[in-house]
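The primary structure of each chain is shown beneath.
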Amino acid sequence: MTLKIMSFNIRGSCKDDGVNIWANRAPLNIKTLQKYNPDIIAFQELQQGNLETYQRELNDYQYFLGLPYNRPGRELYNAIFWKLEQFILRSQGSFYLSETPEVWSASWDTARVRTANWVLLEHVKNQQIFFCFNTHLDHESILARQQGIKLILQQIVILNNNNLPVILTGDFNSYLQLPQAGETLTSQDGVYETIGQAGFIDSYLVAGNKDRAGQHSVHNFLGAEYRVENSDLVHRIDWIWLQENQGKFAVKQCQILKDSEPPVYPSDHYPILAEVALLSKAGTRGGKSRLHPL
């Protein structure tokens, strides 16, 4: 079974982005989604205006919004969408990235309240079962990113008591340091390394891609004109990670999708698309929420 998995920070619908306000870029956003036709979409920064568009244009998907994040009056969602006819929802949950994850709260000097959402899906035809976790780490506080990802990984261990395959997506806001010859890829804040040490693989690199100067996943509506001060850093901050769990995942390809009609872009981030083969039956059902199921 091959899954097409997309991670996409869509910049919400209430921002005053000039020519790239949601009303202007929504048709291109939808066009891009329909062109690549992912089986699973992990959105970050989804707002009510985006949701209304997707409910109208993507009616072959079911979705889980999860708990809101950001700040009151400007709530965002790390929503997960999946093809309605392909998957059965077995369980779902959401928690705050804080020291009190069951309630709206912020910790570790985070600039915004942050969340992580998860769903447990079963493929209709093959009965394979797997987790999808989706998040958006803080853009300012290094400590919040470090502690937030640790909390997510801890909850994956608690929830995944049947050793099922896990997909972890999100905007991690972690800049990558281009490696020198013979060195491994690292991040400025250690978030990338922490995920790898937990047994996850970076689908982008496993697919044969290499990070290089200028290969960013965020572009601030500048496209190819986006520049960074430190050329040794790559702003590929949107990732699709896979926890193999006895070799059940095989990455076929992973791309940073740069579809655009300048000056209009689908978002200020490029969507990431991975094609992944799930090689064997995933196992028994599991994953009751220990935090805040919705």
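The rules behind each value
Residues numbered from 1 in each chain as written. Predicted model: local features only at pLDDT ≥ 70, side-chain atom pairs only at ≥ 80, totals over all residues. Heavy atoms only, no water. Core = buried A, V, L, I, M, F, W, Y, C linked by side-chain atoms within 4.5 Å. Buried < 20%, exposed > 50% of the residue type's maximum accessible area, 1.4 Å probe, protein only. Helix = DSSP H or I, 4+ residues; strand = E, 2+ residues; numbered from the N terminus. Contact = heavy atoms within 4.5 Å. Polar contact = N/O pair within 3.5 Å; in protein donor to acceptor, adjacent residues only side chain to side chain. pLDDT = per-residue confidence, 0-100. Axes fitted to C-alpha atoms, helices over the stretch in contact; angles between N-to-C directions. Parallel < 35°, antiparallel > 145°, perpendicular 65-115°, else oblique. Left-handed = near helix turned anticlockwise from the far one by under 90°. Nonpolar A, V, L, I, M, F, W, Y, C, P; charged D, E, K, R; others polar.

### What about the nonpolar core?
Phase 1 of the analysis: In this structure, Phe133, Ile149, Ile152, Leu168, Phe172 and Ile195 are the most contacted members of the largest nonpolar core, which totals 29 residues.
Phase 2 of the analysis: Among the elements that take part in this core, helix H3 (residues 142-159) stands out by supplying 6 residues, more than any other.

### Examining the environment of Gln215
Phase 1 of the analysis: Mapped onto the elements of the fold, Gln215 is located in the loop between helix H5 (203-206) and strand E12 (233-234).
Phase 2 of the analysis: Spatially, the C-alpha atoms of Gln215 and Leu233 are 9.7 Å apart, while their sequence positions differ by 18 residues.
Phase 3 of the analysis: Excluding anything up to four places from it in sequence, Gln215 contacts Tyr204, Val234, Arg236, Ile256 and Lys258.
Phase 4 of the analysis: Among the polar contacts made by the side chain of Gln215, one reaches the side chain of Tyr204 at a distance of 3.2 Å.

### Considerations on the confidence of the model for the chain
Phase 1 of the analysis: Mean pLDDT over the chain works out to 93, with 94% of the residues at or above the 70 mark.
Phase 2 of the analysis: Across residues 282-294, confidence stays below pLDDT 50; counting only partners more than four residues off in sequence or on other chains, it has 45 contacts.

### Things to note about the packing of helix H1 (residues 22-36) against helix H2 (residues 48-57)
Phase 1 of the analysis: Packing of H1 against H2 leaves a shortest axis separation of 11 Å and a crossing angle of 45°. Relative to H2, H1 is oriented oblique. Both H1 and H2 take part in a crossing whose hand is right-handed. Between H1 and H2, the contacting residues are Trp22, Ala26, Asn29, Ile30, Leu33 and Gln34 on the first element and Gly49, Asn50, Thr53, Tyr54 and Glu57 on the second.
Phase 2 of the analysis: Across the contact of H1 with H2, the residue classes break down as 5 nonpolar, 5 polar and 1 charged.

### Examining the side chain of Ser7
Phase 1 of the analysis: Tracing the sequence through the fold places Ser7 in strand E1 (residues 2-9).
Phase 2 of the analysis: Residue Ser7 is classed as buried on the basis of its relative accessible area, which comes to 0%.
Phase 3 of the analysis: Polar side-chain contacts of Ser7 include one of 3.3 Å to the side chain of Gln44.
Phase 4 of the analysis: A distance of 3.5 Å separates the side chain of Ser7 from the backbone nitrogen of Gly170, its partner in a polar contact.
Phase 5 of the analysis: For Ser7, the residues in contact, after removing those within four places along its chain, are Ala42, Gln44, Thr169, Gly170, Trp239, Ile240, Pro271 and Ile272.

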